[in-house]
Amino acid sequence: MAKPGDGGGHEASGPPARGARRPGGAALPAGPAGRAAARARLRRGRPGPGERPAALPGSAPSAGPAPQPPTAPGPGRTPARGRPARAFPGTPAPPPGTRADSGPTALHPSRRTEGGSLLDVVRVAIVILDTSGRVVLWSPAAEEMLGWPSEVLVGRAVDELIPDPDQVQRTRAALQETLRRGSWHGFTELADRDGLPVEVEARLSLLVDGDGAPYVQVALTEAAALRAVERDLAVRDALFEQSPLGIAVLDTDLRYTAVNRTLAEMNGLPAEEHIGRTTGETLPERSADEITAVQRQVLATGEPVIDVTLASPSTARSGYRSISYSRMTDRSGRVLGISGTVMDVTERYRAVAKVEGARRRLSLLNEFGSRVGDLLDASMIAQELAGAVVPRLADYAGVILLQAVAHGDDLPRHGHDRHTSLLQLGVAAIQQGPAVETMLRHGARVTFDEDSVFGRVLRSGVPEMLSGGNDTEELSFPGDPKVEAARELGVHSRLVVPLRARGIVIGLLVVSRAGYREGFDRDDLAFTVELADRAGSSLDNARLYARERTAALTLQRTLLPQQVPQPTGVEVAYRYVPGSSGTEVGGDWFDVIPLPDDRTALVVGDVMGHGLRAAATMGRLRTAVRVLAALDLAPEVVLRHVHELADDLAQGPDEALLATCVYAVFDPARRSLTVTKAGHIPPVLVVPGADAEPARSGGPLPGGAGQVLDLPSGAPLGVGGVPFESIEMEIPDGSLLALCTDGLVESRDKDLDVGLGRLISVLEQPYASIQQACEAVLGTMEQGREPDDVALLLARLGRGRAESPTAGWTLPAEPTAVSRARRLVRGTLADWGVEELTDTAELLVSELVTNAVRYASAPIGVRLTLGDLLLVEISDPLPDPPKERHAGAGDEGGRGLELVRRLALRWGTRAEGLGKVVWFELVNSEVQLPDSML
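All values reported here derive from a predicted model rather than from experimental measurement.

1. Concerning the overall build of the protein chain
Okay, step 1: Looking only at helices and strands, the protein chain has 24 helices and 31 strands in total.
Okay, step 2: Intrachain contacts of the protein chain at a sequence separation of at least 6 include 64% that bridge at least 24 residues.

Here you go:
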């Protein structure tokens, strides 16, 4: 049964003859009696004494009784296993009509049956031979392997299954070797039932029964299946031991049953110390918990887990790992455990993390640029910068700026030293607490030594990266409480990066990492420098904006009234709110102009456009209105004259003046209000109730019923085509007049009537003072309104001084009118007790009446009013105003108006009816006037 060269096999001349002696001279038991005792112990029946099996074709006759031919399978008999029953050579054929059985076959590796264990793949067939090589027992596995039923082969020589004569001789030699040495193994070929050779591995063993009778046990295994298994095992060993992946096999209790050398090295533990232990017993607790959770999930659900990346445990090989697990079952479906592979993906993970980090940094740069692109406030930009890097780049961040940047001043032209003023204007942190407040306090003034990190970076503009090994005491100055707070927070890595603009360091960006977070690397430093450079440009733009805006606001405020008078019978409150649209200041303005007879002109206007040119135009327009108002012209006449000056007041030769204005004149003596407007928002009037207390200056506002004054619209100044008209109305005592610009009541999505209604509802409420009413009005401005300037003027209108005496006369235009006027003035001033004003008043009245008599041909009016000042008014029907002349040394006249200009506190002229009024004021010595009137 052995091929030449098979290990353990020795050639022999053939199987021993009956009655041959055992090795050592003992005779082998032979004959029917010895064989009968052995066959009696077998499970199946065998040929009886005197029977002899039929010889195979071409076989030589053998000694001993011939076995009885086996009975062919009949209708009630089970056919042979493994293949359709076929008669052994030399045996009768089955009866006609008998259907052969077609069962499963396993003669070759390609003919495999489903099984539940490895023995179903590598089948082992047991055959028992006697010492002469005859088959004593032919197992069912042998039937399945070769197709021959036991009924056919038992009692026959095994040589009959070997078609090759040379192989027969080798088989007999193998039997002799087994009888002599007790065992033999090798490869041979046996013919199956189809006559095809089947290569098998045979293992022969010597058996002795209880009576001492020898037998040979032959274990047969298909060589092809065995080689396939051996090949699979070799592949398994190669993959398991030589694989660069860590491989582990765990049982149902999740204990290691096998690990390869790669995984053992990854875990930093010998392979033998893994066996019988769980993952939690071989790895640190923090790492083992994550892996154990995955193992339990796979074992419970059967769903594989593939390429899950986890941080490596703190072992000899730290980094990142990719783990994959799947459940193992045998061929019958029984769960055996799980298998897993572990791959070191540290380089891949870091490469991917580096790419992802670069993407995140680029996204952060874009996001930061969009967030600060339209910001023009250094403090807001600093806060956005600090918030952008926390927590994506750092745990703590502080933005430190030069005070010049924060306040919009010019940058220093010299280097930075310890006297440089720094402010911390941007802070951000992942947590809050006393230590964080100490280290990052918004608005804190930062000091430093020149040889500290802050000093070096400010002077050189070179960023520095500080790790845990650096002396943090050098950050600013020794004993800095911020350094101790950082140590308390666990800060271990820090970047100090300059904020630059046009080559000048304008501040510092300080970012820190703490706790278990990795320290900063060179990539982090390069990114932070790029971010700081972008922020530096935005901060410098904000500084320039602040400087330009300050200049623009300064110009605008200079052009607005510096002191607002409080005329007789009028209490005034005002507010001006600059616009928020960059440096583009607006052209809104207001004014309060005292007029003769205790009258007051109230003006609010708005020049269209923004910027310094609009502010300058506003200043020229306000000046023109004040000059025309001093002439005491009617309100509609004032606006008409301003409109006629539009070309001169325009911003440039190619730009026309376009402005709106409302002009109101209040006369407290008659309680009359004359109003006109040029395309402006109409005024609002709030009339107090009948039970309201009499108005007094500085007293509370009682509230009342409000209304929008219905005025002729009028065209804006510079447009023309529509005449200006005014209306006159009587005003109840204590009424509140509100004049404003469109920035207060207009919004993007609401009508003007909504804003005016809101203004009326606010002013109808009672307030402790008119100033409080101003604040209440500004507090109701729409948040979504256009970023325009706002000018608000509130005036509480009351009575004039009831005790002020007044006297007036009408004189003919004759020369005697001059002396009569002097007598009337002298007597009236004596009656009023102000004789000290008599000489000056007589002289000036004489000059003005003389001029009226000389040039007028109608009656002349003289009127005196005594209050804080003595007001003297001379009226005549001549509309042309008097012209002051400069008389020479030899001239007899021409000095009247010069005397008035020199001796009176103030003087002027105004139109009245078809004529004019020339007036002057003298100071009453008993009244202390404010410095602004002197």
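So, next bit.
2. A short note on the packing of helix α16 (residues 612-630) against helix α17 (residues 635-644)
For any two helices packed against each other, the geometry comes down to the angle between their axes and how far apart the axes lie.
Okay, step 1: Between α16 and α17, the shortest axis-to-axis distance is 10 Å and the interhelical angle comes to 135°. Considering the angle they form, α16 stands oblique to α17. For the element pair α16 and α17, the recorded crossing hand is right-handed. Residues Leu621, Val625 and Leu628 of α16 lie in contact with α17, whose contacting residues are Val638, His641 and Val642.
Okay, step 2: Looking at the contact of α16 with α17, its residues break down into five nonpolar, one polar and no charged.

3. Observations regarding the confidence of the model for the protein chain
Okay, step 1: Per-residue confidence for the protein chain gives a mean pLDDT of 79; residues scoring 70 or more make up 81%.
Okay, step 2: Here residues 927-934 is modelled with pLDDT under 50, and outside its nearest four sequence neighbours on either side it reaches 11 contacts, counting other chains as well.

4. Focus: unusual backbone geometry
Okay, step 1: Of note, the bond from valine 390 into proline 391 is cis; its omega dihedral lies within 30 degrees of zero at 5°.
Okay, step 2: Phi is positive for aspartate 307, close to 55°, though the residue is something other than glycine.
Okay, step 3: Within the secondary structure, aspartate 307 sits in strand β8 (residues 305-311).
Okay, step 4: Residue aspartate 307 is classed as partly exposed on the basis of its relative accessible area, which comes to 38%.
Okay, step 5: Despite not being glycine, arginine 502 shows a phi value in the positive range, around 55°.
Okay, step 6: Relative accessible area serves as the criterion here: at 60%, arginine 502 is assigned to the exposed category.

5. Topic: the side chain of lysine 916
Okay, step 1: The residue lysine 916 is located in strand β31 (residues 915-923) in this model.
Okay, step 2: The exposure class assigned to lysine 916 is buried, which follows from its relative accessible area of 7%.
Okay, step 3: Polar side-chain contacts of lysine 916 include one of 2.9 Å to the side chain of aspartate 876.
Okay, step 4: From its side chain, lysine 916 meets the backbone oxygen of leucine 878 in a polar contact 3.0 Å long.
Okay, step 5: Leaving out residues up to four positions away in the same chain, lysine 916 has contacts with Ile874, Ser875, Asp876, Leu878, Pro879, Asp880, Pro881, Pro882, Thr909, Arg910 and Ala911.

6. As for the pattern of salt bridges
Okay, step 1: Applying the stated criterion to the full structure yields 38 salt bridges.
Okay, step 2: Note that arginine 902 and glutamate 898 form a salt bridge whose closest N and O atoms lie 3.3 Å from each other. Residue arginine 902 and its partner glutamate 898 are located together in helix α24 (residues 896-903), separated by four residues, close to a single helical turn.
Okay, step 3: Residue arginine 902 is classed as exposed on the basis of its relative accessible area of 58%.
Okay, step 4: Taking the shortest distance from any N to any O, the salt bridge between glutamate 921 and arginine 906 comes out at 2.9 Å. Linking glutamate 921 in strand β31 with arginine 906 in strand β30 (residues 906-912), this pair joins segments that are 15 residues apart in sequence.
Okay, step 5: Arginine 906 gets classed as partly exposed once you look at its relative accessible area, which sits at 37%.
Okay, step 6: It is possible to trace a salt-bridge network through shared partners that takes in Glu367, Arg371, Glu384 and Arg392.

7. Section: the environment of alanine 601
Okay, step 1: Examined against the element boundaries, alanine 601 turns out to sit in strand β19 (residues 600-610).
Okay, step 2: Residue alanine 601 is classed as buried on the basis of its relative accessible area of 0%.
Okay, step 3: Residues alanine 601 and threonine 674, 73 residues apart in the sequence, show an inter-C-alpha distance of 9.4 Å.
Okay, step 4: In this structure alanine 601 touches Asp591, Val592, Ile593, Leu595, Tyr663, Ala664 and Val665, once residues within four positions along its chain are discounted.

8. Examining the sheet that holds strand β14 (residues 464-466)
Okay, step 1: Pairing in this open sheet of six strands is antiparallel, and the strands run β13-β12-β11-β16-β15-β14 from one edge to the other. Each end of this open sheet is capped by a strand with a single partner; those strands are β13 (445-446) and β14.
Okay, step 2: Direction of pairing for strand β11 (residues 396-402) relative to strand β12 (residues 422-429): antiparallel, over a ladder of seven bridges. Paired with valine 399 across the strands is glycine 426, a residue of β12.
Okay, step 3: Here helix α10 (residues 378-389) sits on the sheet and contacts β11, β12, β15 (491-501) and β16 (504-514); the angle it forms with β12, its principal contact strand, is near 35°.

9. What to know about the side chain of aspartate 395
Okay, step 1: Relative to the helices and strands, aspartate 395 resides in the loop between α10 and β11.
Okay, step 2: On the accessibility criterion, aspartate 395 (6% relative accessible area) is buried.
Okay, step 3: From its side chain, aspartate 395 meets the backbone nitrogen of alanine 514 in a polar contact 2.8 Å long.
Okay, step 4: Discounting residues that sit within four places of it in the chain, aspartate 395 has contacts with Val390, Ala428, Ala429, Ile430, Ser512, Arg513, Ala514 and Arg517.

10. Concerning helix α21 (residues 770-779)
Note on helix geometry: an α-helix contains 3.6 residues per turn, so any two residues three or four positions apart are oriented the same way.
Okay, step 1: Listed as buried for α21 are Ile770, Ala773, Cys774, Val777 and Leu778. Angularly, the buried residues of α21 cover 135° about the axis, an arc narrow enough to put them on a single face.
Okay, step 2: Where the residues of α21 are buried, they touch β17 (570-577), β25 (735-740), α19 (742-745), α20 (752-763) and β26 (790-797).

11. So, the sheet that holds strand β2 (residues 135-138)
Okay, step 1: In spatial order, the strands read β2-β1-β5-β4-β3; together these five strands make up an open sheet with antiparallel pairing. The open sheet has two free edges, formed respectively by β2 and β3 (183-191), since each of these has just one partner strand. Taking each pair of neighbouring strands and ignoring which way they run, the sheet shows an average axis angle of 30°.
Okay, step 2: Relative to strand β4 (residues 197-208), β3 runs antiparallel, the two being bridged by nine bridges. Within β4, the residue paired with leucine 190 across the bridge is valine 198.

12. As for the environment of isoleucine 400
Okay, step 1: Mapped onto the elements, isoleucine 400 comes out in strand β11.
Okay, step 2: Residues isoleucine 400 and alanine 444, spaced 44 residues apart in sequence, show a C-alpha to C-alpha distance of 9.2 Å.
Okay, step 3: With sequence-adjacent residues up to four places away left out, isoleucine 400 is seen in contact with Leu422, Leu423, Gln424, Val446, Phe454, Leu499, Ile506, Gly507, Leu508 and Val510.

13. Description of a nonpolar patch on the surface
Okay, step 1: On the surface, Met608, Leu658 and Val719 cluster together to form a nonpolar patch covering roughly 240 Å² of accessible area.
Okay, step 2: Summarising the element assignment, methionine 608 is placed in strand β19.

Calculation criteria
Residues numbered from 1 in each chain as written. Predicted model: local features only at pLDDT ≥ 70, side-chain atom pairs only at ≥ 80, totals over all residues. Heavy atoms only, no water. Helix = DSSP H or I, 4+ residues; strand = E, 2+ residues; numbered from the N terminus. Contact = heavy atoms within 4.5 Å. Axes fitted to C-alpha atoms, helices over the stretch in contact; angles between N-to-C directions. Parallel < 35°, antiparallel > 145°, perpendicular 65-115°, else oblique. Left-handed = near helix turned anticlockwise from the far one by under 90°. Nonpolar A, V, L, I, M, F, W, Y, C, P; charged D, E, K, R; others polar. pLDDT = per-residue confidence, 0-100. Buried < 20%, exposed > 50% of the residue type's maximum accessible area, 1.4 Å probe, protein only. Polar contact = N/O pair within 3.5 Å; in protein donor to acceptor, adjacent residues only side chain to side chain. Salt bridge = Lys/Arg side-chain N within 4 Å of Asp/Glu carboxyl O. Pairing = 2+ DSSP bridges. Arc of directions from axis to C-beta. Patch = residues over 30% accessible without salt bridge, like charges linked within 9 Å, V, L, I, M, F, W, Y side chains within 5 Å. Areas by Shrake-Rupley, 256 points an atom, 1.4 Å probe, with all protein chains shown as cover.

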